[in-house]
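# Inside the fold
The chain contents come next:
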Amino acid sequence: MPELPEVEIVKRGLAELIIGLKIKEVDSSWHKSFQASKTDTAQFLLGAKIISVRRRAKVLIIDLDSKYSLVIHLKMTGQLVLRSDAAVFGAGHPNDSLVAKLPDRSTRVVITFDQGKLFFNDQRKFGWIKLLPTIEIPNIDFFKKVGPEPLASDFKSVDFVERFKRKQNSLIKAALLDQTVIAGVGNIYADESLWAAKIHPSNKVKDVSDAKLKLLFEELKFVLKLSIEKGGSTDKNYVNAEGKKGSYLSFARVFRRENQPCPRCGTTIEKIRVASRGTHICPKCQR
DNA sequence: CACTTGACCTGTCCGC
DNA sequence: TGCGGACAGGTCAAGT
């Protein structure tokens, strides 16, 4: 779930809800979920105020006034959900019912603010929160290698085509999922955009024309924007910072729609494996 | 080097 | 119902 649109939605929600709050306490029940030394936590996290929330690729960054930041990756099943004071004290806050059961058995980290608590839930424990000096973030390996943001206004289709050209022998789907080629695309939006551009995901990049690559770029931007509008995709786990689900999957054309008719030609959608990922295609439209 | 596969985890679903 | 195995939206390290 958490691909670019989902992380963007969480970012926007958190920016509304937690900027200005002061961190009072942090508890973690799984060592990999919260990675920070005791001394850094005491010195740069506890007592710090949140000054901004950012996203780069599928990574969230919460900047603190201590010149440190919480860097967060939700991976497959991570959730970041805020429970406000009103909810804590049972005053009928709008997200009361959504957060009433928190913490639950998948809660890995709880950050307590002067008002409210932020829960990091992560069923599969793949996600993580790290405390790092803000200035060091661009130097971590992932950020040094990650490709451009597909929705950045200065990222043009010629740049998109040029970056794919460097992956001539990769399968087009593998290249789309490769974060060093382009940031933020995961399995859902890879399948959706390849269907829209009528490209078979098993095609090698070198066998896809420039015109098709440009079309793919346009369709990718379209599905990413549509999903952000719809609050992201919720299959099982994804929720936003208020604990609410996204509705993009009800607009999806192929993802999780195996055995249903292709919305373009009516052919039955198939689920296959490409680049060792579950992959949804229309066998007639995509060749 | 470029590219693919396995590992990290828990939970669920499917077939026997 | 019970049990084994495959699979799930992401990313690295290790392998070919």
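Residues numbered from 1 in each chain as written. Chains lettered and ligands numbered in written order. Predicted model: local features only at pLDDT ≥ 70, side-chain atom pairs only at ≥ 80, totals over all residues. Heavy atoms only, no water.

### Description of the domain arrangement of chain A
As a reminder, the rule being used: Residue ranges assigned to the domains are those given by an automatic or database domain assignment. When two parts are brought into contact, each loses some accessible area as probed by a 1.4 Å sphere; the total of that loss over both is the buried area. For this analysis, a polar contact is any N or O atom pair within 3.5 Å, provided that within protein one partner can donate a hydrogen and the other can accept it, and provided that sequence-adjacent residues contribute only side-chain to side-chain pairs. The secondary structure listing takes helices from DSSP runs of H or I that are at least 4 residues long and strands from runs of E that are at least 2 residues long, numbered from the N terminus. Polarity classes work like this: nonpolar for Ala, Val, Leu, Ile, Met, Phe, Trp, Tyr, Cys and Pro, charged for Asp, Glu, Lys and Arg, and polar for all others, with Gly in that last group.
On domain assignment, one finds that chain A holds domain 1 (4-145) and domain 2 (157-281). Each of domain 1 and domain 2 has a C-alpha centre, and these two points are 28 Å apart. For the pair domain 1 and domain 2, the two sides together bury roughly 1,900 Å², of which 66% comes from carbon and sulfur. At the junction of domain 1 with domain 2, the criterion picks out seven residue pairs in polar contact (both at pLDDT 80 or more). Counting residues per element, the ones that place at least two in the side of domain 1 that touches domain 2 are α1 (4-18), β6 (78-83), α4 (96-99) and α5 (141-145). Residue classes in the side of domain 1 that touches domain 2 are distributed as 13 nonpolar, five polar and six charged.

### Quick word on the sheet that holds strand β1 (residues 23-28)
Cut-off, in case you're wondering: Strand pairing follows a simple DSSP-based rule, namely that at least 2 bridges must link the two strands. Here an angle of 0 to 180 degrees is reported between the N-to-C directions of two axes, which are lines fitted to C-alpha atoms, with helices fitted over the stretch in contact. Here, residues are in contact when the closest pair of their heavy atoms is within 4.5 Å.
The four strands are arranged β1-β7-β8-β6 in an open sheet whose pairing can be described as antiparallel. Strands with a single pairing partner mark the edges of an open sheet, and in this sheet they are β1 and β6. Within this sheet the neighbouring strands show an average axis-to-axis angle of 15 degrees, counted without direction. Summarising the sheet, strand β7 (residues 107-113) and strand β8 (residues 117-122) pair through five bridges and their orientation is antiparallel. What sits directly across from Val-110, in β8, is Phe-119. Sitting on the sheet, α1 is in contact with β6, β7 and β8, with an inclination near 25 degrees to β6.

### Digging into the protein's contact with DNA strand B
Convention followed: Being near a molecule or strand, for a residue, means having at least one of its heavy atoms within 4 Å of it.
The environment of DNA strand B is formed by Trp-30, Lys-32, Arg-105, Gln-123, Arg-124, Lys-125, Phe-126, Lys-167, Asn-169, Ser-170 and Leu-171. Contact distances for DNA strand B include 2.9 Å between a phosphate oxygen and a side-chain N or O atom of Lys-125. Here Asn-169 contributes a backbone N or O atom positioned 3.1 Å from a phosphate oxygen of DNA strand B. When the residues that make up the surface near DNA strand B are grouped by side-chain class, the tally is three nonpolar, three polar and five charged.

### What about the side chain of Arg-55?
The topology assignment puts Arg-55 in strand β3 (residues 50-56). Separated by 2.8 Å, the side chains of Arg-55 and Glu-8 make a polar contact. Here the side chain of Arg-55 touches Glu-149 through a polar contact of 2.9 Å, side chain to side chain. Residues contacting Arg-55, with those up to four places away along its chain left out, are Leu-4, Val-7, Glu-8, Lys-11 and Glu-149.

### So, the pattern of salt bridges
The condition that has to hold: Each reported salt bridge corresponds to a side-chain nitrogen of Lys or Arg within 4 Å of a carboxyl oxygen of Asp or Glu. Under the scheme applied here, a residue whose accessible area is under 20% of the maximum for its type counts as buried, over 50% as exposed, and between as partly exposed, the area being computed with a 1.4 Å probe on protein chains only.
Within the structure shown, the criterion is met by 13 salt bridges. A salt bridge links Glu-8 to Arg-55, with the nearest nitrogen and oxygen atoms 2.8 Å apart. Of this pair, Glu-8 sits in helix α1 while Arg-55 sits in strand β3, and the two are 47 residues apart along the sequence. Residue Glu-8 shares its accessibility class with Arg-55, and that shared class is buried. The closest approach of N and O atoms between Arg-253 and Glu-192, which form a salt bridge, is 3.5 Å. Here Glu-192 lies in helix α8 (residues 187-196) and Arg-253 lies in the loop between α9 (210-229) and β10 (270-274), a separation of 61 residues in the sequence. Exposure class is identical for Arg-253 and Glu-192. Each is buried. Salt bridges linked by common partners bring Glu-8, Lys-11, Arg-12, Arg-55, Arg-56 and Glu-149 together as one network.

### Details of the environment of Val-71
With respect to the helices and strands, Val-71 occurs in strand β5 (residues 68-73). Sequence separation between Val-71 and Glu-270 is 199 residues, and the spatial gap between their C-alpha atoms is 37 Å. In this view, Val-71 contacts Val-59, Leu-60, Trp-128, Ile-129, Lys-130, Leu-132 and Ile-137; residues no more than four positions away in its chain are not counted.

### Observations regarding the pairing of β8
With five of six residues buried, β8 lies mostly within the body of the structure. Bridge count for β6 against β8 is six bridges, and the pairing is antiparallel. Residue pairing across strands places Leu-82 opposite Leu-118, the latter belonging to β8. What sits between β7 and β8 in their antiparallel hairpin is a turn of three residues, with Gly-116 showing a positive phi close to 95 degrees.

### With respect to the pairing of β7
Burial within β7 is extensive, with seven of its seven residues counted as buried. In terms of strand pairing, β1 meets β7 through five bridges, oriented antiparallel. Residue pairing in the sheet places Ile-23 in a bridge with Phe-113 of β7.

### Comments concerning the side chain of Ser-33
Looking at the element boundaries, Ser-33 is found in the loop between β1 and β2 (34-35). When near neighbours in sequence (up to four residues on either side) are disregarded, Ser-33 contacts Arg-108, Val-109, Phe-120, Gly-127, Trp-128 and Ile-129.

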